[in-house]
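Now for the letters of each chain:
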Amino acid sequence: MSSEAVTRAADLIVRNSNGDLLLYPFKNDTFYNAGGGTQVGNGFNFTNYLVADWTVDGTSDLIVRNSNGDLLLYPFKNGTFYNAGGGTQVGNGFNFTNYLVADWTGDGTPDLIVRNSNGDLLLYPFKNGTFYNAGGGTQVGNGFNFTNYLVADWTGDGTPDLIVRNSNGDLLLYPFKNGTFYNAGGGTQVGNGFNFTNYLVADWTGDGTPDLIVRNSNGDLLLYPFKNGTFYNAGGGTQVGNGFNFTNYLVADWTVDGTPDLIVRNRNGDLLLYPFKNGTFYNAGGGKKVGNGFNFTNYFPGNW
């Protein structure tokens, strides 16, 4: 997430155990009507949920994957997921292990890169309302057998890149160039000793390049800025929070100051807001309660 063009706070859609989707707008520094939410969909019992603006109308849509491997598109229109009883099929045979969403073709519409069980990366552009060549995909990488996959534009060329974490805790950068992951046989090491429990990507330093905040097993949050082609001070990181022992971590600019903030969910179902100010998570010892009773199965921040 970059710091540019943020005009309003992200909203939240959650999925309950019945498969209902509930919308909670973020208004007046809290999740409006947080006691209940507005139902915007039902029967959402799927295996994968991908959020992006596929209809290019400025509002987040939802693509889901059912148990057969079909991809179904649900545009968000008139305050609900249009045709939410069924969705429009935009792909089939998607039985993969990882699903990465970003605009790799540069046409302003999000695409999909998937990883199959062999470690191949396959690109499916979204064209004419469907995943083009969805029967096969274009191979853009091989040998990707890693534990974490992080997508952002680290090279600053306007195209998303990929940073992966291997089993040793090394971070490897794969730029996306000429329609493929450049040097995909190996990658460039940009960090080591990354053996953490959570990895959060956003531009916290305000220089236009995504940074990394990780959570260690003690609940400390550590900031690693990406500078000069590597994670600066990657041997340690700068502590920007402590006592973060929560069940969910959501990143967006809820204070609308151009810097990403953090909303966490504790075991009681409370949502706590931690603004990022002066290089740290302000009031990180407690957080500001912005919702309660959030005991759901999925959490989707977006522009609804």
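Summarised in this report is the structure supplied together with it.

About the criteria used
- Residues numbered from 1 in each chain as written.
- Predicted model: local features only at pLDDT ≥ 70, side-chain atom pairs only at ≥ 80, totals over all residues.
- Heavy atoms only, no water.
- Core = buried A, V, L, I, M, F, W, Y, C linked by side-chain atoms within 4.5 Å.
- Buried < 20%, exposed > 50% of the residue type's maximum accessible area, 1.4 Å probe, protein only.
- Helix = DSSP H or I, 4+ residues; strand = E, 2+ residues; numbered from the N terminus.
- Contact = heavy atoms within 4.5 Å.
- Pairing = 2+ DSSP bridges.
- Axes fitted to C-alpha atoms, helices over the stretch in contact; angles between N-to-C directions.

## Concerning the nonpolar core
Here comes step 1: Counting residues in hydrophobic clusters, the biggest one holds 18 residues, and the most contacted among them are Leu-12, Val-14, Tyr-24, Phe-31, Trp-254, Ile-263 and Phe-294.
Here comes step 2: For this core, the secondary-structure elements that each account for two or more residues are strand S1 (11-15), strand S2 (21-24), strand S30 (248-252) and strand S32 (271-274).
Here comes step 3: With sequence-adjacent residues up to four places away left out, Leu-12 is seen in contact with Leu-22, Leu-23, Tyr-24, Phe-31, Leu-250, Leu-271, Phe-294, Tyr-299, Phe-300 and Pro-301.
Here comes step 4: Membership of the second largest hydrophobic core comes to 17 residues, among which are Phe-194, Tyr-199, Val-201 and Leu-222.

## Observations regarding the sheet that holds S1
Here comes step 1: With antiparallel pairing, 4 strands are arranged side by side in an open sheet as S5-S2-S1-S36. If you trace the sheet from one side to the other, it starts and ends with strand S5 (38-41) and strand S36 (298-302), each paired once. On average, each strand axis in the sheet is inclined to that of its neighbour by 30 degrees, with strand direction left out of account.
Here comes step 2: Bridging between S1 and S36 involves 5 bridges; their strand directions are antiparallel. Opposite Leu-12, over in S36, you have Pro-301 as the bridge partner.

## Remarks on unusual backbone geometry
Here comes step 1: The residue Asn-28 is not glycine, and still its phi comes out positive at about 55 degrees.
Here comes step 2: Even without being glycine, Asp-29 reaches a positive phi, approximately 65 degrees.
Here comes step 3: Within the secondary structure, Asp-29 sits in the loop between strand S3 (26-27) and strand S4 (30-31).
Here comes step 4: Residue classification places Asp-29 among the partly exposed positions, given a relative accessible area of 44%.

## Comments concerning the sheet that holds strand S23 (residues 188-191)
Here comes step 1: With respect to topology, 4 strands assemble into an open sheet ordered S18-S19-S20-S23, the strand pairing being antiparallel. Each of the sheet's edge strands pairs with one partner strand only, and the pair in question is strand S18 (148-152) and S23. Here the average twist between neighbouring strands, direction ignored, is 30 degrees.
Here comes step 2: The pairing of S18 with strand S19 (residues 161-165) spans 5 bridges and is antiparallel. What sits directly across from Tyr-149, in S19, is Val-164.

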